[in-house]
Each structure stands twice: as structure tokens, then as C-alpha cells.
Amino acid sequence: SFRYYMLRAIPASGNGAFILSDLIQRHHSELGNGFGNLLMRMVKLYRKRCGDVLEVDPALITLNFEKLVSDMTEMMEAREHNRALDRLWLEVNAVNAYINDQAPWGIKEDEAKFKAVIANGVYG
């Protein structure tokens with residue numbers, strides 16, 4: 001959490017302030033609620049319905065993060081880690097919205113669709 005906070009909150013090329021309450025807030029809201037809940041929802045839901053091994057047909061994955069990787073690589077090479085993490089969070093929030101829209105917990109009859117939504121949530 002500390003390393004994440006330092007990269008996210010303080011630009012490498014400028015001044016910044018370490019604020020303990022901000023670190024705690026980011027730990028809970030971003031790492032816990034944003035990313036952690038997304039990952040746990042997907043893993044728990046899949047394990048409950050399909051077991052411990054996630055077998056994914058690559059053709060099921062419709063979300064494409066190549067632009068994200070390219071953007072983040074460029075920003076990190078420029079030592080703009082805070083901007084790279086801002087960019088990452090745009091995608092994390094988009095995947096959270098995708099999962100909420102697709103509601104895989106409500107897909108009961110169509111196993112292929114369920115697996116496609118889970119695959120996009122985990123591997124997208």
C-alpha cells in the first residue's frame with residue numbers, strides 16, 4: 001500500500017506531500033474496494049459455479065487492454081508513474097462498470113456467456 005501510494009500520489013518530477021490519511025483512504029477505496037472487490041467478486045463467483053481452474057477460450061475475451069499497456073509503458077518510461085496509475089484506474093473502473101452491467105451473478109442458463117463475462121473481468 002505504501003509503495004502504491006507513493007507512486008500514485010507523488011509525481012516523480014515534482015514535489016509532493018505524504019499524508020497518512022490519504023494513504024489510508026487510497027488503501028481502502030482504491031486497492032480494497034475498487035480493485036480488490038472486483039477481483040474477489042470474479043474469483044468467488046467463478047469458483048462457486050465452475051471450480052478452481054479458470055479455463056478460458058481466448059475468443060471469449062472482447063475487452064482489449066493493448067492501448068492501456070501501451071499508454072502505461074510510455075508514461076512509466078517517462079517516469080510519470082502517477083499518470084500511468086491514473087490511466088490504469090480508468091480501466092479498472094471501466095471493468096467494474098462492465099461487470100455491473102453484465103451482472104454475471106444473474107446469468108444462470110447460458111454457461112458460455114457466464115464464462116465470457118468472467119473471462120473479460122479477469123483477463124481483459
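Now for a look at the structure at hand. (Residues numbered from 1 in each chain as written. Predicted model: local features only at pLDDT ≥ 70, side-chain atom pairs only at ≥ 80, totals over all residues. Heavy atoms only, no water.)

One finds L38, M42, V95, I99, F114, V117 and I118 to be the most contacted residues of the largest nonpolar core, which totals 16 residues. Listing elements by their share of this core, those giving two or more residues are helix 2 (20-50), helix 3 (66-77), helix 4 (81-102) and helix 5 (111-123). In this structure I99 touches L38, R41, M42, P104, W105, V117 and G121, once residues within four positions along its chain are discounted. (Core = buried A, V, L, I, M, F, W, Y, C linked by side-chain atoms within 4.5 Å. Buried < 20%, exposed > 50% of the residue type's maximum accessible area, 1.4 Å probe, protein only. Helix = DSSP H or I, 4+ residues; strand = E, 2+ residues; numbered from the N terminus. Contact = heavy atoms within 4.5 Å.)

Within the secondary structure, N120 is located in helix 5. Take N120: its relative accessible area is 1%, and that puts it in the buried class. Among all residues touching N120, those that are not within four sequence positions of it are L60, I61, T62, L63 and Y98. Among the polar contacts made by the side chain of N120, one reaches the main-chain carbonyl oxygen of A116 at a distance of 2.8 Å. (Polar contact = N/O pair within 3.5 Å; in protein donor to acceptor, adjacent residues only side chain to side chain.)

Time to look at a nonpolar patch on the surface. A surface patch of nonpolar side chains, about 470 Å² in accessible area, is lined by F2, M6, F18, L20 and I24. For the nonpolar patch, the secondary structure elements donating two or more residues are helix 1 (2-9) and helix 2. Relative to the assigned elements, F2 resides in helix 1. Accessibility expressed as a relative area gives 49% for F2, which makes it partly exposed. (Patch = residues over 30% accessible without salt bridge, like charges linked within 9 Å, V, L, I, M, F, W, Y side chains within 5 Å. Areas by Shrake-Rupley, 256 points an atom, 1.4 Å probe, with all protein chains shown as cover. Salt bridge = Lys/Arg side-chain N within 4 Å of Asp/Glu carboxyl O.)

It is worth spelling out the packing of helix 3 against helix 4 at this point. Describing two packed helices takes the angle between their axes plus the distance from one axis to the other. Remark: helix 3 packs on helix 4, axes separated minimally by 8 Å, with the N-to-C direction vectors making an angle of 165°. Looking at the two axes, helix 3 sits roughly antiparallel to helix 4. Considering the relative orientation of helix 3 and helix 4, their crossing is left-handed. Facing K67, L68, D71, M72, M75 and M76 of helix 3, the residues of helix 4 in contact are H81, R83, A84, R87, L88 and E91. (Axes fitted to C-alpha atoms, helices over the stretch in contact; angles between N-to-C directions. Parallel < 35°, antiparallel > 145°, perpendicular 65-115°, else oblique. Left-handed = near helix turned anticlockwise from the far one by under 90°.)

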